[in-house]
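Understanding the architecture of this molecule
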Amino acid sequence: AYGRVENYTAAMVDFSRALALRPDDPATLEARGVAALQGGQHARAIADFSALLRAQPGRADWHYFRGLARLREGKPAEAADDFSATLAKLPTDVDG
């Protein structure tokens, strides 16, 4: 719902409140990271996806989102590292 009205700040406030109650909930941390990325708060997005990756380093999607945030933050070398990690973690059998 937040994305449809582009109210990323309100989304981040709500997700932060939820994380105060359940700080180890990866789905809520991911949602806040995506809202931060979409809302232009790239440092927050990098921090959230970095925390997620410390717990589950094998997630290609989290490397991708952190790479986007790093690119938008003006850190192309770090972004390239994340994009490389994304590609390395994707399945190679795309035909099923």
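Up top is the structure.
Quick summary incoming for the structure in this document.

Looking now at the side chain of aspartate 82. You can see aspartate 82 is positioned in helix H6 (residues 76–89). For aspartate 82, a relative accessible area of 2% translates into the label buried. Side-chain polar atoms of aspartate 82 contact the side chain of arginine 66, separated by 2.8 Å. Setting aside chain neighbours within four positions, we find aspartate 82 in contact with His63, Arg66, Gly67 and Arg70.

Now for the packing of aromatic side chains. Taken as a whole and judged by the stated rule, the model has 3 aromatic pairs. Both rings, one in tyrosine 64 and one in phenylalanine 83, keep their centres 5.9 Å apart while their planes meet at 45°; by these two values the pair is tilted. Highlighted residues: tyrosine 64 in helix H5 (residues 60–72) and phenylalanine 83 in helix H6, separated in sequence by 19 residues. The structure contains a cluster of three or more aromatic residues connected by ring pairs, namely Phe49, Tyr64, Phe65 and Phe83. It is arginine 59 that lies over the ring of tryptophan 62; its NZ or CZ is 4.0 Å from the centre.

Going through the model one piece at a time under the given rule, you end up with 7 salt bridges. Across the pair glutamate 78 and arginine 70 runs a salt bridge whose closest N-O atoms are separated by 3.4 Å. The exposure class of glutamate 78 is partly exposed, given its relative accessible area of 35%. Take arginine 70: its relative accessible area is 14%, and that puts it in the buried class. Note that arginine 70 is salt-bridged to aspartate 82, the shortest N-O span being 2.8 Å. Placement of arginine 70 in helix H5 and of aspartate 82 in helix H6 is noted, with a sequence separation of 12 residues between them. Here arginine 70 matches aspartate 82 in class, with each residue buried.

The rules behind these values
- Residues numbered from 1 in each chain as written.
- Predicted model: local features only at pLDDT ≥ 70, side-chain atom pairs only at ≥ 80, totals over all residues.
- Heavy atoms only, no water.
- Helix = DSSP H or I, 4+ residues; strand = E, 2+ residues; numbered from the N terminus.
- Buried < 20%, exposed > 50% of the residue type's maximum accessible area, 1.4 Å probe, protein only.
- Polar contact = N/O pair within 3.5 Å; in protein donor to acceptor, adjacent residues only side chain to side chain.
- Contact = heavy atoms within 4.5 Å.
- Phe/Tyr/Trp six-rings, centres within 6.5 Å; stacked < 30°, edge-to-face > 60°.
- Lys NZ or Arg CZ within 6 Å of the ring centre and 35° of its normal.
- Salt bridge = Lys/Arg side-chain N within 4 Å of Asp/Glu carboxyl O.

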